[in-house]
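Overview (structure and organization)
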Amino acid sequence: MESILIAKKEITNFFKWDVRFIKDKIFTGFIILFSLITISPIVLIISKLISMGYKQLNFSFFIETAPNTYQAMLAKEAGNIIPGGILNGITGTIFMVFLASLMAIPIGILIGIFLYENGTKRYAKIVKDITDILQGVPSIVLGLISYFWVVKYITNGFSALAGSFALFIMMLPLIIRSTEETFKMIPVSIKEAGFALGVPYHKIIFRILIPSGLSGLITGILLSISRVIGETAPLMLTALGSMAVNLDIEKPTSAIPLLIWEFYNDPNMVDLIWASSLLLMILVLGLNLISKMIISKRNL
Amino acid sequence: MISGEKITKIILFLASLIVILIASGMVFSLMQGALPAFNEFGLKFIISTDWNPTEGKESYGALPFIVGTIATSIIALLICLPLAFSTSLFIGEIFRGTKLASFIGMMVDMLAGIPSIVYGLWGFYVLRPWIVAMGFNEQGYGVFTAGLILAIMVIPYATSISVEMIKMVQNDLKEAAYSLGATRKDVIFNVILPNARSGIFTSYILAFGRAVGETMAVTMLIGNSNIIPKSLFDTGNTMASLIANQFGEADGLKLSSLVAIALLLFVMTGFINGLGKMLIKKI
Amino acid sequence: MSEINVQIKDAVLEIKNVSVAYNKGIYAVTNVSAAIRRNKVTAIMGPSGCGKSTLLRALNRMHDLYPNIITEGQILLNEVDITKMSTIMLRRKIGMVFQRPNPFPTMSIADNVIAGYKLNGISLHKSEKEEIIEKSLRDVALWKEVKDSLSQKGTFLSGGQQQRLCIARALAFQPEVILLDEPTSALDPISTKKIEELLTELKEKYSIILVTHNMSQAARISDYSMFMYLGELVEYGKTKEMFINPKDQRTDEYLTGKFS
């Protein structure tokens, strides 16, 4: 491995009494040290989650709803594992992410195509800049907006729809960006070949460009999902949370991060935070992994 | 009859309007919601340190939170700087192209994927005891702790952009330097940095912008006291964390004050990110 | 001045005072007039940047894709103005093959051949489909090589085979004219030879217009040649005559390699 050779070379060179070499060695040493420090949190966090959470991860964790604080207290006092699971959180997360995707994917792809087709015009540049602004808005502000728009005007109360809307706004810029980038990478001659065969514009988009760029589009979607799955702040202002499994779009809904926050704030239920976080991490990392696999498959 | 092509173009155009609608709607709603607070307190709101919700004597001000936000983000930036810098050199130059570099790169990507609340939990249960053990602060909360966790959270953003900038420095410049006998350190400081300088600088601006907007991890570690922190280990509060905490039973003037703070936050992040994007375009 | 007057009885394409501009005022092709003969191979040659590809792409209205390109003048296909035809009709009658082979990457070989039909929503009976696929692939001498892998994607084929697949795709429409834009410049010599032979066979049924930067290719396979320089049509005539006895000095200089 190249880096081993580099390391070997550095060790042999070390024994040359040359100040510049020593300075260089020290410098490189610091770089390596700091890089290791940089990645240490990920190792520490994951090991902490696994060590504290694996006990709680059993089958019922996935199919039962969260216990109430009294049950939890009893279990703790008896030294047992807290009963129940996070089903309400799991279903809530899936439900809201699904709704958000339903809105974000078609709109995001269309806008991405718009930017791809009109990239140089002034209006398109403005749209692109606004998309970038949206991407930078803190998630709590988006939650606030969704509160005003959905909770107050549409569902008259905290709801899954409000939560999904906030997530939708978060996903949108990411999907727009990745769609535009994906399409830009498709060779122009593919588009021209379709054109030369007399294929109408919308068919060129849907039957030539989108299939050619499918892996890029899917990657963008998966990454944006992994981004919003762990969001807590906007959901606190919109979906609120719920003890039960809820699939009603107009009612408050739980989500995995929301449950984690509830557990964290309740001394009786605190032990549940580790397993829940572990599950969340597995989902996020899993999605990232799948995206990377899709990208590398495509590059073969 | 309108051609199929025209219809498609119209649909695409309408889709693009959605983004504009959302963004402008956002600005409008924030301003609308913040109006009562500004009407009541005027622009003094921005520099007032009050936070008094008692009925009849309500008075709110944003200053402690603005200070808290900026303080934690600056601390985050300072801690992040050497770490992100080293890591980006590791991946982008010294071990560039090796499996080791992709491994480290992958780990950094994973750092970016960890949800804010998980960082908060870890910070609360692991970092905080360290801070307490080192005697910095009795409970472990505070501006420094929050800044520390923020640093870890924004390192991936600073690193990935910096890596791109470093890789963009042309090979022949580097080879020329090496052939003249320069050590790696020399090449880095004399060739790579001068060329990648503005890009790397921009990456830190963007990282700063991210830190400013973070909510959960900060709210779990900063101590949530509505005063201006006087020293590194004092507790305090940030704009985002305040909104998350106090939103629950807020209404009327208090809610409006929170929205006003959200508006300030929006403007701040918009400005910082806009600055960053502008600088990147100049490269 | 590039008004070459050719009074031909049976011209498949008539190009009348065609100019093409990229952005106002920057003309890539200036005032070209010519009549293309049916069932012959007509080569368009000239140094880089002379406008030959631009002219070619005007013939099937390719420039419609790019709003900043303006085409002036008139082009008649079988005496019908091409801007007055429906584009699908136009592109059924005039097919195009590009410089880099570009089979659709997500479609199988079979689907690539009939892509013109599929993408235009023209439904074919299974038997019709198979007939067209086989015939088109046979016409490009690719049938034997791919008949057992018709359902696979075409990306495993060599460059030359991919290019022949693209020609088959154009042939599937049974066009009258086939436009080829430097079709062999990205291919190795053997594939190039195969395609040149193919084009010589195809002219019995189709009219072929071939842009090439390779003089010897033009000399080998074309019946008529156009020489373009700086956007103008300098000379147009029987290939043999032009090569042996060029009428314009610029043609002479190009052919003797003074510039390329």
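Data block above holds the structure.
Residues numbered from 1 in each chain as written. Chains lettered and ligands numbered in written order. Predicted model: local features only at pLDDT ≥ 70, side-chain atom pairs only at ≥ 80, totals over all residues. Heavy atoms only, no water.

A word on the overall build of chain C. Secondary structure summary: chain C contains 11 helices and 10 strands in total. Relative to its length of 260 residues, chain C is compact, with a C-alpha radius of gyration of 18 Å against a globular reference of 18 Å. Taken over the C-alpha atoms alone, chain C extends approximately 55 × 40 × 35 Å along its principal axes. The buried share of chain C, reckoned over its 260 residues, is 55%. Relative to all contacts within chain C whose residues are 6 or more apart in sequence, the contacts with residues 24 or more apart total 69%. About 11900 Å² of surface is accessible on chain C, with carbon and sulfur atoms providing 49% of the total. Between the mean site of the 34 positive side-chain charges and the mean site of the 30 negative ones, chain C shows a separation of 3 Å. (Helix = DSSP H or I, 4+ residues; strand = E, 2+ residues; numbered from the N terminus. Rg over C-alpha atoms; globule rule 2.2 N^0.38 Å. Buried < 20%, exposed > 50% of the residue type's maximum accessible area, 1.4 Å probe, protein only. Contact = heavy atoms within 4.5 Å. Areas by Shrake-Rupley, 256 points an atom, 1.4 Å probe, with all protein chains shown as cover. Lys, Arg positive; Asp, Glu negative; His and termini not counted. Charge placed at Lys NZ, Arg CZ, Asp CG, Glu CD.)

The next subject is the packing of aromatic side chains. If you walk through the whole model with that rule in mind, you get 26 aromatic pairs over all chains. Ring plane angle 85° and centroid distance 5.2 Å describe the contact between Tyr 264 of chain A and Phe 124 of chain B, whose orientation is recorded as edge-to-face. Placement of the pair is Tyr 264 of chain A in helix α13 (residues 256-265) and Phe 124 of chain B in helix α4 (residues 116-133), with the two residues belonging to separate chains. As far as the burial class goes, Tyr 264 of chain A and Phe 124 of chain B line up, both buried. Through a chain of ring-to-ring contacts, the aromatic side chains of Trp 261, Tyr 264 and Trp 274 of chain A together with Phe 124, Tyr 125 and Tyr 141 of chain B assemble into a single cluster. Over the face of the ring belonging to Phe 195 of chain A we find Arg 91 of chain C, whose NZ or CZ atom lies 4.3 Å from the ring centre. Lying over the aromatic face of Phe 104 of chain C, Arg 169 of chain C brings its terminal NZ or CZ to 4.7 Å of the ring centre. (Phe/Tyr/Trp six-rings, centres within 6.5 Å; stacked < 30°, edge-to-face > 60°. Lys NZ or Arg CZ within 6 Å of the ring centre and 35° of its normal.)

Residues and elements named next belong to chain C. One open sheet accounts for 4 strands, arranged β2-β1-β4-β5; its pairing is antiparallel. Because the sheet does not close on itself, it has two edges, and the strands there are β2 (27-37) and β5 (80-81). By the bridge criterion, 8 bridges tie strand β1 (residues 11-22) to strand β4 (residues 69-77) in an arrangement that is antiparallel. Bridged to Leu 13 within β4 is Leu 77. (Pairing = 2+ DSSP bridges.)

What follows deals with the pairing of strand β7 (residues 177-181) of chain C. Residues and elements named next belong to chain C. Buried residues dominate β7, accounting for 5 of its 5 residues. Residues of β7 alternate between two faces, with Val 177, Leu 179 and Asp 181 on one and Ile 178 and Leu 180 on the opposite face, all of them buried. One ladder, built from 5 bridges, connects β7 with strand β8 (residues 207-212); its direction is parallel. The partner of Leu 180 across the bridge, within β8, is Leu 210. Regarding topology, helix α8 (residues 189-202) serves as the crossover connection from β7 to the parallel β8, and that connection is right-handed. (Right-handed = clockwise from strand over helix to strand, strands pointing away.)

Moving on, we get to the packing of helix α9 (residues 188-196) of chain A against helix α10 (residues 201-212) of chain A. All names here are of chain A. Where α9 meets α10, the axes come as close as 10 Å, and the angle between the chain directions of the two elements is 155°. In terms of orientation, α9 and α10 fall into the roughly antiparallel class. Note that α9 runs across α10; the crossing there is right-handed. On α10, the residues that touch Ile 190, Lys 191, Gly 194 and Phe 195 of α9 are Ile 204, Ile 208, Leu 209 and Ser 212. Looking at the contact of α9 with α10 residue by residue, the class counts come to 5 nonpolar, 2 polar and 1 charged. (Axes fitted to C-alpha atoms, helices over the stretch in contact; angles between N-to-C directions. Parallel < 35°, antiparallel > 145°, perpendicular 65-115°, else oblique. Left-handed = near helix turned anticlockwise from the far one by under 90°. Nonpolar A, V, L, I, M, F, W, Y, C, P; charged D, E, K, R; others polar.)

With 76 residues of chain A in contact, the opposing surface of chain B contributes 77 residues. Around 6800 Å² of area is buried between chain A and chain B when both sides are counted, 81% of it from carbon and sulfur atoms. Taken together, the connections running from chain A to chain B amount to 1 salt bridge. Asp 109 of chain B serves as the salt-bridge partner of Lys 292 of chain A, at 3.4 Å between the closest nitrogen and oxygen. Across the contact surface, chain A and chain B share 6 residue pairs in polar contact (both at pLDDT 80 or more). It is helix α2 (residues 19-53) of chain A that provides the largest number of residues to the side of chain A that touches chain B, a total of 19 residues. Each residue belonging to the side of chain A that touches chain B can be placed in one class, and the counts come to 54 nonpolar, 11 polar and 11 charged. (Buried area = accessible area lost by both parts, 1.4 Å probe. Salt bridge = Lys/Arg side-chain N within 4 Å of Asp/Glu carboxyl O. Polar contact = N/O pair within 3.5 Å; in protein donor to acceptor, adjacent residues only side chain to side chain.)

Right, let's talk about the packing of helix α2 (residues 63-94) of chain B against helix α5 (residues 143-167) of chain B for a bit. Residues and elements named next belong to chain B. α5 packs onto α2 with a crossing angle of 35° between their chain directions and a minimal axis gap of 6 Å. Along this stretch, α2 crosses α5, giving a crossing that reads as right-handed. A per-class count over the contact of α2 with α5 returns 20 nonpolar, 8 polar and 2 charged.

This brings us to the sheet that holds strand β10 (residues 232-238) of chain C. All names here are of chain C. On the basis of which strands lie adjacent, the open sheet formed by 6 strands has the order β6-β7-β8-β3-β9-β10 and mixed pairing. In the strand order of this sheet, the two ends are held by β6 (94-97) and β10, each with one partner. The mean angle between the axes of side-by-side strands here comes to 15°, regardless of whether they run parallel or antiparallel. Across 4 bridges, strand β3 (residues 41-45) lies against strand β9 (residues 224-229) in parallel orientation. When the sheet's bridge partners are listed, Ile 44 is paired in β9 with Met 226. Against the sheet, helix α7 (residues 159-171) touches β6 and β7, its axis set at about 170° to β6.

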